[in-house]
Amino acid sequence: MTSSSSSSNNEDSAFIRIIRIKGANGSEKMLEIPAKLDLERPKRPRTVFTDEQLEKLEKSFNDSGYLSGVTRAKLAESLGLKDNQVKVWFQNRRTKQKKIESKEPVKSPIETTKTTENYSNFYQNYWSAAAFLSNNAISS
């Protein structure tokens, strides 16, 4: 980051943190990171839901993929969770649902009918051929 005036540089440094990284070959790189990005803060531990909580969350999700703020707060309180934990769980569950749906090819009713007709025709032809062969068996 280059600047012509030193006062501008000082103002920017309050918002940008510079980290120097040395590569394996001895080269040095500078990374400019927003100062508000707290890299030293420890990560929050992952929430582990109980089977009962998951069961109730899944039931609520199956009833409706979305919750109003009041409903979410009541559900969180009944499960002993924070409102934000329930909100994030629902967001993640909707994402999971979309992934599942995108992997499953959706068949139209016409395709389903065609498949059923194809199987029906196959079995009809198979049994007709079997009956014909059994009636016209060639003995040697």
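Residues numbered from 1 in each chain as written. Predicted model: local features only at pLDDT ≥ 70, side-chain atom pairs only at ≥ 80, totals over all residues. Heavy atoms only, no water.

Naming follows an unreviewed UniProt entry, where the protein chain appears as Homeobox domain-containing protein of Caenorhabditis latens. Checking UniProt for the protein chain, the heading Subcellular location (unreviewed entry) contains the comment "Nucleus". (UniProt positions renumbered as here; feature names shortened; annotations may be inferred.)

### Remarks on the nonpolar core
L57, F61, L75, A76, L79, L81, V86, W89 and F90 together form the largest nonpolar core, which totals nine residues. Elements represented by at least two residues in this core include exactly α2 (51-63), α3 (69-79) and α4 (83-103). (Core = buried A, V, L, I, M, F, W, Y, C linked by side-chain atoms within 4.5 Å. Buried < 20%, exposed > 50% of the residue type's maximum accessible area, 1.4 Å probe, protein only. Helix = DSSP H or I, 4+ residues; strand = E, 2+ residues; numbered from the N terminus.)

### Observations regarding α3
Inspection of α3 places R72, L75, A76 and L79 among the buried residues, and these make up the whole buried set. On an axial view of α3, the arc spanned by its buried residues comes to 100 degrees, and they lie on one face. Exposed residues on α3 whose side chains face more than 90 degrees from its buried face are V70, K74 and E77. On the buried face of α3, the contacting elements are α2 and α4. Trailing α3 by a residue or two, G80 shows a phi angle of about 75 degrees, which is positive. (Arc of directions from axis to C-beta. Contact = heavy atoms within 4.5 Å.)

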